[in-house]
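# Summary of structural features
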Amino acid sequence: MTKFESDVKTIDASQSAVYTMLSNPSNIERVRSVIPEDKVKNISYNEDSISIEVEPIGKVTMQIVEREPEKLIKFEAQGAPLPVNLWIQILPTGEKTSKLRVTLGLEVNTFMKAMIQKPAQEGVNKAAEMLSLIQYS
């Protein structure tokens, strides 16, 4: 599996607050304002998954497959053209601050890796940036 890691982002919220918000996709309603509507359409969600329509891929459902309280949320894509995993790691840096990193895992061959490396890296960095803009309190 090829992995792409975002830059580490500092968040002005406790590790617990960040985890509580991100570990339940139903909270997406609270953060709709930071989602780029030109890239993501038809969002639906429940407490364990989020489904989005992404240009040019189409509809993808990200199902939570693992939760490690306050530290890690791991998603796996359902209906994607190739195996995809997404991890959100959260670490405390203080009582009211934390750090976040997004990791994308893709099952691709060497040829495909060369083609998707730049957009995948940009995507995880944009995802981490978007998550850092959320008001967690």
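As shown above, the structure is provided for reference.
In this report, we go over the structure that sits alongside the text. Note that the structure is a prediction, hence the values are computed from the model and not measured.

On to the overall build of the protein. Within the protein, the regular secondary structure consists of two helices and eight strands. Ordered by position in the sequence, the α and β elements of the protein form the string β-β-α-β-β-β-β-β-β-α. A total of 137 residues make up the protein; the buried ones form 39% of that total. Summarising the internal contacts of the protein: among those between residues at least 6 apart in sequence, 48% fall at separations of at least 24. For the protein, the exposed area adds up to about 8000 Å²; of that, 51% sits on carbon and sulfur atoms.

It is worth spelling out helix H2 (residues 110–132) at this point. Taking 1.5 Å per residue, 23 residues should reach 33 Å; H2 reaches 32 Å between its end C-alpha atoms and fits that length. Helix geometry: H2 is bent most strongly at Ile116, by close to 55°, with proline Pro119 lying one to four residues after it. Looking at the buried positions of H2, the neighbouring elements they touch are strand E1 (2–5), strand E2 (9–11), helix H1 (15–22), strand E7 (84–92) and strand E8 (98–106). The backbone nitrogen of Phe111 has a side-chain oxygen 3.1 Å away, supplied by the residue at the start of H2, namely Asn109.

Basis of the calculations
Residues numbered from 1 in each chain as written. Predicted model: local features only at pLDDT ≥ 70, side-chain atom pairs only at ≥ 80, totals over all residues. Heavy atoms only, no water. Helix = DSSP H or I, 4+ residues; strand = E, 2+ residues; numbered from the N terminus. Buried < 20%, exposed > 50% of the residue type's maximum accessible area, 1.4 Å probe, protein only. Contact = heavy atoms within 4.5 Å. Areas by Shrake-Rupley, 256 points an atom, 1.4 Å probe, with all protein chains shown as cover. Expected span 1.5 Å × (residues − 1). Bend = angle between axes of the 7 residues up to and from the residue. Polar contact = N/O pair within 3.5 Å; in protein donor to acceptor, adjacent residues only side chain to side chain.

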